[in-house]
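# Report on the structure
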Amino acid sequence: MNPQKTKRRGLRLPGVSDPFISKLILIVVAVVIGVIVIGVLVSSLFGKSSINANDLIGVAQSQQELVRVAQQGVANGTQMVTRNFATNVELSIQTEQFQLLTYLKGQGYKLSTKTLSLKKSSTTDKQLTNAIQTSTFDSVFVQLMQNSLVSYNTEVEQTAGNATGSNEKKILSGELAVANMLLQQVPTQESLQNG
C-alpha cells in the first residue's frame with residue numbers, strides 16, 4: 001500500500017552525475033550563447049566595418065589637390081598638350097574621388113569640402129603664379145603635376161597595402177591603375193617645346 005514514488009529524472013550530461021550541476025552548466029552555456037548572439041547583432045547594426053579610414057581620407061584629400069591644380073592647368077595652359085593632360089587628370093581623378101567618397105560615406109564618413117581641402121599647397125600656387133608671370137607655365141605645371149602624381153601613386157600603393165576589406169582593395173586597385181595611366185600620359189619637355 002505504499003505507492004512507489006517515481007523518481008524525477010533530471011537532464012544529465014555525459015560525465016556529470018549530479019543533475020543540479022548539469023542544469024547549471026546548461027544555463028551558463030545558454031547565457032554565453034545569448035551574449036554572443038546579441039553582441040553580433042549589435043555590432044552588425046551599429047558598428048562600422050573595419051576600414052583604414054585615415055589613409056582613405058588622406059587619399060581623397062590628395063585627389064582634391066590634384067583636381068585643383070589640374071583645373072589651373074586647364075585654365076592657364078598655353079599649349080594644347082598641357083590643357084589636354086590637365087583635363088585628363090582632372091576628370092580621371094574626379095571620377096576616382098567620387099567612387100572613394102561614396103564608399104567612405106557608406107562606411108559612415110562624410111567629408112566636408114573643408115576637410116577635403118586640407119592638403120591645399122600654397123607653395124604650388126606660388127610656383128604656378130610665378131610661372132604665369134615668367135611665361136613658363138606649361139613646363140612648371142607639367143613638372144609639378146608629375147611630382148604630385150608620383151607622390152599620389154606612392155600614397156595609394158601604401159594605402160592599398162594596408163587595406164582590410166575586399167571593397168577597399170578593389171577601389172584602391174582602380175585608383176592605382178588610374179594613377180599609373182596618368183603618369184604615362186605626362187607630356188615630355190620636348191612635346192611642350194614643339195607645341
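Below or above, wherever it landed, is the structure these notes cover. Please read all numbers here as calculations on a predicted model, not as lab measurements. (Residues numbered from 1 in each chain as written. Predicted model: local features only at pLDDT ≥ 70, side-chain atom pairs only at ≥ 80, totals over all residues. Heavy atoms only, no water.)

All right, on to the overall build of the protein chain then. Within the protein chain one finds eight helices and zero strands. Helices and strands in the protein chain line up, N terminus first, as α-α-α-α-α-α-α-α. By the burial criterion, 33% of the 195 residues in the protein chain qualify as buried. Contacts in the protein chain between residues at least 24 apart in sequence constitute 75% of all its contacts with a sequence separation of at least 6. (Helix = DSSP H or I, 4+ residues; strand = E, 2+ residues; numbered from the N terminus. Buried < 20%, exposed > 50% of the residue type's maximum accessible area, 1.4 Å probe, protein only. Contact = heavy atoms within 4.5 Å.)

Put simply, helix α6 (residues 137-161) and helix α7 (residues 166-184) touch, their axes get as near as 9 Å, and they point 155 degrees apart. The pairing of α6 with α7 is recorded here as roughly antiparallel in orientation. Helix-helix and strand crossings are classified by hand; for α6 and α7 the assignment is left-handed. Of the residues in α7, those touching α6 at Q146, L149, V150, Y152, N153, V156, E157, T159 and A160 are L172, E175, L176, A179, N180, L182 and L183. Of the residues contributing to the contact of α6 with α7, the split by class is 10 nonpolar, four polar and two charged. (Axes fitted to C-alpha atoms, helices over the stretch in contact; angles between N-to-C directions. Parallel < 35°, antiparallel > 145°, perpendicular 65-115°, else oblique. Left-handed = near helix turned anticlockwise from the far one by under 90°. Nonpolar A, V, L, I, M, F, W, Y, C, P; charged D, E, K, R; others polar.)

What follows is about the packing of helix α3 (residues 80-106) against α6. Contact geometry of α3 with α6 gives a least axis separation of 11 Å together with a crossing angle of 30 degrees. The orientation of α3 with respect to α6, classified from their angle, is roughly parallel. In this structure, α3 crosses over α6, and the sense of that crossing is left-handed. For the pair α3 and α6, the contacting residues are T82, F85, A86, V89 and I93 in the first and D138, F141, V142, M145, L149 and Y152 in the second. Taken together, the residues of the contact of α3 with α6 break down into nine nonpolar, one polar and one charged.

Counting 37 residues, the largest nonpolar core has V89, I93, F141, M145 and L149 as its most contacted members. Every element with two or more residues in this core is listed here: α2 (53-76), α3, α5 (122-133), α6 and α7. It is α2 that contributes the most residues to this core, nine residues altogether. Those residues in contact with V89, other than ones at most four positions away along the chain, are L66, A70, M145, L149 and L182. (Core = buried A, V, L, I, M, F, W, Y, C linked by side-chain atoms within 4.5 Å.)

Another aspect to go through is the pattern of salt bridges. In the structure shown here, the tally under the stated rule is three salt bridges. Between E65 and R68 there is a salt bridge, with the nearest N and O atoms lying 2.8 Å from each other. Of this pair, E65 and R68 both sit in helix α2, three residues apart, roughly one helical turn. For K119, the salt bridge goes to E155, with nearest N and O atoms at 3.0 Å. (Salt bridge = Lys/Arg side-chain N within 4 Å of Asp/Glu carboxyl O.)

This part takes up α3. With 27 residues, α3 extends 39 Å between its outermost C-alpha atoms, agreeing within 8% with the 39 Å of an ideal straight helix rising 1.5 Å per residue. G108 lies just past α3 and shows a positive phi near 95 degrees. (Expected span 1.5 Å × (residues − 1).)

Let's shift gears to the side chain of S62. Structurally, S62 is set in helix α2. Relative accessible area serves as the criterion here: at 11%, S62 is assigned to the buried category. In this structure, S62 is in contact with K119, Y152 and E155, ignoring residues within four places of it in sequence.

Within the structure shown, the criterion is met by one aromatic pair. Centre to centre, the rings of F137 and F141 are 5.6 Å apart; their planes meet at 10 degrees, and the pair counts as stacked. In this pair, F137 and F141 are both assigned in helix α6, four residues apart and thus about one turn of the helix distant. F141 carries the same exposure label as F137, and that label is buried. (Phe/Tyr/Trp six-rings, centres within 6.5 Å; stacked < 30°, edge-to-face > 60°.)

Attention now goes to α2. Each α-helix winds once per 3.6 residues, and so residues spaced three or four apart point in a common direction. Over its 24 residues, α2 extends 35 Å from the first C-alpha to the last, a length consistent with the 34 Å expected when each residue adds 1.5 Å. Burial of α2 is extensive: 17 of the 24 residues sit out of reach of the surface.

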